[in-house]
Amino acid sequence: MPTASQKPLELILARNLMSALSTPAFLVDEGGILVFYNEAAGMLLGKSWEELGTVGAEEWGALFGPFGRDGEPIPYDELPLVVAVRDDRPAHANFEIHSIDGTRHQVEASAFPIQTAHGSRGAIAVFWPAAENGTGS
Amino acid sequence: MKAKLWGTRGSVPSPGPETIRYGGNTSCVGVTLSDGSLLALDAGTGIRNLGLSLPEEPTRLHILLTHLHLDHIQGLVFFAPAFRPQTEIVIWGPASPEASLRDRIARYISAPLSPVEVRELPCDVSFRSTPETEWEIGPARIRAASVSHRGPTLGYRIDDGEDSLAYIPDHEPALGADLDTLEDEWISGFGLARDASLLIHDGQYADSEYPDHLGWGHSSISHALSFARRTGAGRTVLFHHDPLHSDERLDLLGAEAQDRWVAVGGTPEAVELAVEGAELDAHTRAASPLPTA
């Protein structure tokens, strides 16, 4: 049972695992709120989780994207993490993100929901450099 | 609210002359609530003696299991009240998507591991997965939450009036985490133990032993003390002793734990090692909580 002063254990363990990975990884809670990203993700974005502070969805989009192949921002509802939390299913996408210094990165993102005996607790997304042939939806 | 330690050992019963003072029975704590009713926390081999201490009159008992590892359920089939038709027993434990609590416990209380089956127990026994929300047993408010261990595992918090007891006997909150720097909300078990009058917590390994047991689901002494400091527990009892730790070894570990607690500004009586048969007052706050920052 998550309590007012503590995250659900599954998110705690996910964060602990992500902290040990060299793959960029992002964690959202059951409400779809970004609650952590790891050091590798911080290097990709050019800003660590600890440095970033609280950022709303709109500001996040302006800072980092993601952007489709046409350069247009991808709607929030279509992001793999959001789909994973909302629909309780894995989701995958190719898109471009921008570092804080404007560097562009083509990535593939895979997200999956964190299911527990008491329902969904959130979702994890991992980012990979996009394959040359741009596979993915 | 008072607690009596009926079994303090982890992993496997460890009887013998070298463990006679701290005890060889596995995890079980009897909790007497303010109205006199009794809860049992875990059902390791210690619950056998708890059962023998109870009168043979009609009784309703709640047993709160943290998880179903053998050292926490092994005493169930030797719990005398379970063999009395006038006893009603409610067993609480962690939910699992795999099978019901009853079916998972029945894997142990069934042939060939047990001479009796669950359905053959003369008492009125029921099994309940712990709810996500707080619930009441008599005058107490009970909370259960998942904590970092191997397999579905709970910690419990019992609030009875001004008294509070947190019981987290199998817990590795430092797995992949730095307990000294992590934000409160990201510490496993924090919500259960916060400002508890009495914290009964895993302290299975000496610091030197922990690296060889990383990920086994237990705490080093240092990690247990860090957890106690961060949560602001009033009195901390280190529990679930390693079966290889003799009384002499535990004496040394206990002295070391108290020295460390004093070194960070605490009082020595606020930290102790669990001793089988000891009775603890969950109201006592032996020391002002240490600064948690």
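Since the model is a prediction, treat every value here as computed from it, not as a measurement. (Residues numbered from 1 in each chain as written. Chains lettered and ligands numbered in written order. Predicted model: local features only at pLDDT ≥ 70, side-chain atom pairs only at ≥ 80, totals over all residues.)

### Considering the overall build of chain B
In step 1: Helix and strand counts for chain B stand at six helices and 14 strands.
In step 2: Relative to the 2.2 N^0.38 estimate, which gives 19 Å for 293 residues, the radius of gyration of chain B is 18 Å and therefore close to what a compact globule would have.
In step 3: Along the longest, intermediate and shortest principal axes, the C-alpha atoms of chain B span 55 × 40 × 35 Å.
In step 4: Within the span of chain B, comprising 293 residues, buried residues form 53% of the whole.
In step 5: By sequence separation, contacts in chain B at least 24 residues apart represent 67% of the contacts at least 6 residues apart. (Helix = DSSP H or I, 4+ residues; strand = E, 2+ residues; numbered from the N terminus. Rg over C-alpha atoms; globule rule 2.2 N^0.38 Å. Buried ≥ 20, exposed ≤ 12 C-beta atoms within 10 Å, placed from the backbone. Contact = placed C-beta atoms within 7 Å.)

### Points about the interface of chain B and chain A
In step 1: The interface is formed by 21 residues belonging to chain B together with 15 residues belonging to chain A.
In step 2: With four residues, strand β8 (residues 140-146) of chain B is the single largest residue contributor to the side of chain B that touches chain A.
In step 3: Grouping the constituent residues of the side of chain B that touches chain A by class yields nine nonpolar, seven polar and five charged. (Nonpolar A, V, L, I, M, F, W, Y, C, P; charged D, E, K, R; others polar.)

### Regarding the nonpolar core
In step 1: Residues Ala-125 of chain A together with Leu-165 of chain B are the most contacted members of the largest nonpolar core, which totals 105 residues.
In step 2: When sequence neighbours within four positions are dropped, the list of residues in contact with Ala-125 of chain A reads Ala-25, Phe-26, Pro-80, Leu-81, Ala-109, Ser-110 and Ala-111 of chain A. (Core = buried A, V, L, I, M, F, W, Y, C linked by C-beta atoms within 7 Å.)

### Some words on unusual backbone geometry
In step 1: In this structure, Pro-66 of chain A follows Gly-65 of chain A across a cis peptide bond, with omega equal to 10 degrees.
In step 2: With respect to the element layout, Pro-66 of chain A can be found in the loop between α4 (57-64) and α5 (80-87).
In step 3: The step from Ala-111 of chain B to Pro-112 of chain B runs through a cis peptide bond, and the omega angle for that step is 0 degrees.
In step 4: You can see Pro-112 of chain B is positioned in the loop between α3 (101-106) and β6 (124-129).
In step 5: Phi at Ser-11 of chain B is positive, roughly 75 degrees, even though this residue is not glycine.
In step 6: Structurally, Ser-11 of chain B can be placed in the loop between β1 (2-7) and β2 (28-32).
In step 7: Here His-240 of chain B, not a glycine, exhibits a phi torsion of approximately 65 degrees, which is positive.
In step 8: Secondary-structure assignment places His-240 of chain B in the loop between β12 (235-239) and α6 (247-263).
In step 9: Look at His-240 of chain B and you get buried, because 29 C-beta atoms sit within 10 Å.

### Considerations on the confidence of the model for chain B
In step 1: Per-residue pLDDT for chain B has a mean of 95; in total, 97% of the residues score no lower than 70.
In step 2: Listed scores for the predicted complex are pTM 0.90 and ipTM 0.77. (pLDDT = per-residue confidence, 0-100.)

### Here's the deal with the sheet that holds strand β13 (residues 271-273) of chain B
Residue and element names in this part refer to chain B.
In step 1: Reading across the sheet, the seven strands line up as β7-β8-β9-β10-β11-β12-β13 and stay open at both edges, with mixed pairing between neighbours. Two strands in the sheet have a free side with no partner beyond their single neighbour: β7 (135-137) and β13. Averaged over all adjacent pairs, the angle separating strand axes in this sheet is 20 degrees, with direction ignored.
In step 2: By the bridge criterion, three bridges tie β7 to β8 in an arrangement that is antiparallel. (Pairing = 2+ DSSP bridges. Axes fitted to C-alpha atoms, helices over the stretch in contact; angles between N-to-C directions.)

### Focus on the pairing of strand β4 (residues 59-64) of chain B
Residue and element names in this part refer to chain B.
In step 1: Pairing of strand β3 (residues 38-41) with β4 involves three bridges; the strand directions are parallel. The partner of Leu-41 across the bridge, within β4, is Leu-64.
In step 2: Between the parallel elements β3 and β4, the chain passes through helix α1 (residues 46-52) in a crossover that is right-handed. (Right-handed = clockwise from strand over helix to strand, strands pointing away.)

### Notes on the sheet that holds strand β1 (residues 25-29) of chain A
Residues and elements named next belong to chain A.
In step 1: The strand order β2-β1-β5-β4-β3 describes an open sheet built from five strands, whose pairing is antiparallel. The strands lining the two open edges of the sheet, one partner per strand, are β2 (34-37) and β3 (91-98). Across the sheet, the mean angle separating the axes of adjacent strands is 25 degrees when strand polarity is ignored.
In step 2: Two strands pair when backbone bridges link them, and β1 and strand β5 (residues 119-129) are joined in this way by five bridges, in the antiparallel orientation. Residue Ala-25 lies in a different strand from β5, and its bridge partner there is Val-126.

### Some points on α5 of chain A
In step 1: Along α5 of chain A, the residues classified as buried are Pro-80, Leu-81, Val-83, Ala-84 and Val-85 of chain A.
In step 2: Structurally, α5 of chain A contributes buried residues whose contacts are with β1, β3, β4 (104-116) and β5 of chain A.

### Points about the environment of Arg-89 of chain A
Residue and element names in this part refer to chain A.
In step 1: Assignment of secondary structure puts Arg-89 in the loop between α5 and β3.
In step 2: Taking the C-beta count within 10 Å as the criterion, Arg-89 has 12 such neighbours and is therefore assigned exposed.
In step 3: Linking Arg-89 and Tyr-37, residues 52 residues apart in sequence, is a C-alpha distance of 20 Å.
In step 4: Beyond its immediate chain neighbours, meaning those up to four positions away, Arg-89 contacts Ala-84 and Pro-113.

### Let's talk about the environment of Ile-200 of chain B
Residue and element names in this part refer to chain B.
In step 1: If you trace the backbone, Ile-200 turns up in strand β11 (residues 198-202).
In step 2: The class of Ile-200 is buried, set by 31 C-beta atoms lying within 10 Å.
In step 3: Taking C-alpha positions, Ile-200 is 25 Å from Pro-17, a pair spaced 183 residues apart along the chain.
In step 4: Here Ile-200 is in contact with Val-29, Tyr-167, Pro-169, Val-237, Phe-239 and Ala-274, once residues within four sequence places are set aside.

### Re the pairing of strand β9 (residues 154-160) of chain B
Regular strands show a simple pattern: their side chains alternate between the two faces of the sheet.
All names here are of chain B.
In step 1: With seven of seven residues buried, β9 is to be regarded as a mostly interior element.
In step 2: In β9, alternate side chains face the same way, and those of Leu-154, Tyr-156, Ile-158 and Asp-160 on one face and Gly-155, Arg-157 and Asp-159 on the other are all buried.
In step 3: As defined by bridge partners, β8 adjoins β9 across six bridges and the pair is classed as antiparallel. Bridging from a neighbouring strand, Ser-146 pairs with Leu-154 of β9.
In step 4: In this sheet, strand β10 (residues 163-168) lies alongside β9 in antiparallel orientation, the contact comprising five bridges. Paired with Tyr-156 across the two strands is Tyr-167, which belongs to β10.
In step 5: Connecting β9 to the next strand, β10, in antiparallel fashion are two residues, including Gly-161 with a positive phi near 60 degrees.

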